[in-house]
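Reading the structure
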Amino acid sequence: MRGKCDECGMENVEVMTIKKDNRGENITLCNQCRPADGAYAY
């Protein structure tokens, strides 16, 4: 999905909506700001 990153503010980039652990709110992050997870953590 393409959109705006809530962390760095870049627009029209590939983003993913993730759920924050502590408050249960959703945040939209781009590939650079998103934490590494699962098999893609190098």
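This structure is a prediction, so every number in the text was calculated from the model and none was measured. Residue indices follow the written sequence of each chain, beginning from 1 at its first position. The predicted nature of this model means local features are confined to residues of pLDDT at least 70 and side-chain atom pairs, given and counted, to a pLDDT of 80 or more, with totals for whole chains, interfaces and linings taken over all residues. The side-chain figures draw on all heavy atoms in the structure; neither hydrogens nor water molecules are used.

This next bit is on the nonpolar core. Counting six residues, the largest nonpolar core is built from Cys5, Val13, Val15, Ile27, Leu29 and Cys30. Every helix listed is a DSSP run of H or I at least four residues long, and every strand listed is a run of E at least two residues long, numbered separately from the N terminus. At the level of elements, strand E2 (13-19) and strand E3 (26-30) are the ones that each hand at least two residues to this core. Ranked by residues supplied to this core, first place goes to E3 with three residues. Among buried residues, the Ala, Val, Leu, Ile, Met, Phe, Trp, Tyr and Cys ones that are joined through side-chain atoms within 4.5 Å form a nonpolar core. Note on exposure labels: buried denotes an accessible area under 20% of the residue type's maximum, exposed denotes more than 50%, and partly exposed covers the range between, all computed with a 1.4 Å probe on protein chains only.

As a further point, take the pattern of salt bridges. We count a salt bridge whenever a side-chain nitrogen from Lys or Arg sits within 4 Å of a carboxyl oxygen from Asp or Glu. Summed over all chains, the structure comprises one salt bridge. With a closest N to O distance of 3.8 Å, Arg2 and Glu14 form a salt bridge. Of this pair, Arg2 sits in strand E1 (residues 2-3) while Glu14 is found in strand E2, placing the two residues twelve residues apart along the sequence. Judged by its relative accessible area of 37%, Glu14 falls in the partly exposed class.

Let us look at the confidence of the model for the protein. Residue-level confidence of the predictor, termed pLDDT, takes values from 0 up to 100. The share of residues in the protein with pLDDT of 70 or more is 86%, and the mean pLDDT across the chain is 83. Looking at the elements of the protein, mean pLDDT is at its lowest for E2, recorded as 90, and at its highest for E1, recorded as 94.

Tracing the backbone shows Thr28 in strand E3. When residues no more than four places from it in sequence are discounted, the contact partners of Thr28 are Lys4, Cys5, Asp6, Glu7, Val15, Met16 and Thr17. By the convention used here, residues are in contact when the closest approach between their heavy atoms is within 4.5 Å.

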